[in-house]
Amino acid sequence: MPEPEDILSLIQNALDLIITVDLDGTISYVSPAIERLLGYTQEEYIGRNSRTVVHPDDVSKVMKVSKSTNPSTDIRVQHKNGSWIIFEGLVKKRINNSRIVGVVINARDITERKRVDEEIRDSRQQLRNLSAHLQAMREEERKQISIDLHDELGQSLTALKMELSWLEKKLSGDQLLLKERVISMIKLVDDTVRSIQRISTELRPGILDDLGLTEAIKWQASEFTNRTGIRCTVSLSKEEFPLDQDRATVVFRIFQETLTNVARHASATRVAVALNEKYGKLYMKIKDNGIGINQRQISGSKSLGLIGIRERAYSLGGSVKISGVSGKGTTVILTIPIDGNDKTRD
Ligand SMILES: Nc1ncnc2c1ncn2[C@@H]1O[C@H](COP(=O)(O)OP(=O)(O)O)[C@@H](O)[C@H]1O
Ligand SMILES: [Mg+2]
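Residues numbered from 1 in each chain as written. Chains lettered and ligands numbered in written order. Predicted model: local features only at pLDDT ≥ 70, side-chain atom pairs only at ≥ 80, totals over all residues.

Peer 1: An account of the site of ligand 1 is needed here, citing residue identities and associated values.
Peer 2: Around ligand 1, 15 residues are found, and the nearest of them are N261, A266, Q297, S303 and G305. Elements that contribute at least two residues to the shell around ligand 1 include exactly α10 (245-266) and α12 (304-314). Sorting elements by how many residues they give to the shell around ligand 1 places α10 first, with five residues. (Near = placed C-beta within 6 Å. Helix = DSSP H or I, 4+ residues; strand = E, 2+ residues; numbered from the N terminus.)

In structure tokens form, the structure reads like this:
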């Protein structure tokens with residue numbers, strides 16, 4: 001045990017506030033830190049009732065904590081200048097002749113820590129909002145470009161093709177060279193129309209808007225199989241899920257992004273996607289039989305695709321679970337509330 005004078009000097013030099021409180025709530029001692037932390041001198045503070053210095057909403061918290069061994073946090077105490085300082089504190093019973101005579105409190109100023117915590121939380125929320133906003137804008141733009149490409153360019157090219165066909169018919173048999181050129185122009189126009197259709201579909205599959213999510217998923221799965229040779233099977237517990245367009249788009253984009261990852265990273269030969277509905281939520285499970293993602297890749301700060309997937313789900317009140325088993329494959333499970341009520345999760 002330290003000598004009593006050492007204990008005294010520890011108390012007097014402590015950065016935390018040390019307070020003793022009598023049974024009736026009177027503050028009988030406060031360490032000199034009071035001046036730095038709350039602006040009062042020791043003399044000004046001693047003799048006050050502890051209940052009058054704590055924020056009225058926090059008094060009950062202090063009372064409760066004197067019965068427990070855990071520190072209580074977020075106790076607001078008023079500074080001499082009127083502002084509220086936030087403390088966390090440990091409260092210990094003072095016992096004299098086996099009777100409780102009061103408590104001794106070790107209180108730490110956590111105002112700055114709380115402020116920083118809050119700032120981090122706020123800025124994280126801002127980034128989330130920004131990301132959601134950018135995603136929505138990007139989706140809207142893609143849709144518009146897709147429609148413009150398809151409608152406007154498509155129409156002009158159809159008209160061009162009709163003109164060329166007319167020209168071809170007008171050309172007589174002895175104008176063979178010109179005829180050949182016109183035919184090759186018609187073919188060029190046909191190719192261009194097909195390219196435009198492909199680009200426009202890649203930007204925004206019309207099937208998603210026209211036929212809904214499950215048809216779009218089936219279509220994307222077979223496109224994927226055709227393009228990569230990786231078999232992709234779709235199993236649905238229902239033919240259609242009642243999602244609004246925003247939600248359907250998010251689910252579809254997460255599916256696309258996940259398939260892209262399978263093609264790019266997994267070395268898989270099969271992918272299975274299953275959609276089902278339970279307790280008002282849509283579950284989409286995408287499982288491949290590839291090399292398996294590891295923990296570092298799952299939570300890495302460079303895994304921007306995966307962060308994007310999580311954020312998109314989060315913005316609609318949903319969540320994404322990613323797991324991998326080395327040599328066995330990767331599983332991505334998306335959960336999203338079907339109606340929009342859960343949108344305001346923070
Ligand atoms: N299906 C998968 N199988 C194996 N590894 C994967 C799979 N999906 C993702 N990964 C790993 O996780 C990393 C992060 O994925 P992602 O955030 O989409 O980034 P990117 O695709 O741009 O590399 C990938 O680089 C890859 O190493
Ligand atoms: Mg990716």
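There's plenty left to go through after this.
Peer 1: Explain the pairing of strand β6 (residues 231-236) residue by residue, including any values.
Peer 2: In this sheet, strand β7 (residues 270-278) lies alongside β6 in parallel orientation, the contact comprising six bridges. Across the sheet, residue V234 finds its bridge partner in β7, namely V273. Traced from β6 through α10 to β7, the parallel crossover comes out left-handed. (Pairing = 2+ DSSP bridges. Right-handed = clockwise from strand over helix to strand, strands pointing away.)

Peer 1: Can you break down the confidence of the model for the protein residue by residue, with the values?
Peer 2: Averaged over all residues, the pLDDT of the protein equals 91, while 96% of them reach at least 70. Looking across the protein, the model is least confident in helix α5 (residues 59-65), with a mean pLDDT of 72, and most confident in strand β10 (residues 329-337), with 97. Taken together, the stretch residues 342-346 has pLDDT below 50 and engages in six contacts with residues farther than four places along the chain or on a different chain. (pLDDT = per-residue confidence, 0-100. Contact = placed C-beta atoms within 7 Å.)

Peer 1: Would you mind going over α10 in detail, with residue names and values included?
Peer 2: Its 22 residues place the ends of α10 30 Å apart at the C-alpha level, agreeing with the 32 Å of an ideal helix rising 1.5 Å per residue. Phi for S267, located one or two positions after α10, is positive at around 50°. (Expected span 1.5 Å × (residues − 1).)

Peer 1: A description of the sheet that holds strand β5 (residues 99-109) should follow, citing residues and the corresponding values.
Peer 2: The strand order across the open sheet built from five strands is β2-β1-β5-β4-β3, with neighbouring strands paired in antiparallel fashion. Because the sheet does not close on itself, it has two edges, and the strands there are β2 (27-30) and β3 (72-78). Taken over all neighbouring pairs, the strand axes of this sheet differ in orientation by 35° on average, direction set aside. The pairing of β3 with strand β4 (residues 84-96) spans five bridges and is antiparallel. Bridging from a neighbouring strand, S72 pairs with G89 of β4. (Axes fitted to C-alpha atoms, helices over the stretch in contact; angles between N-to-C directions.)

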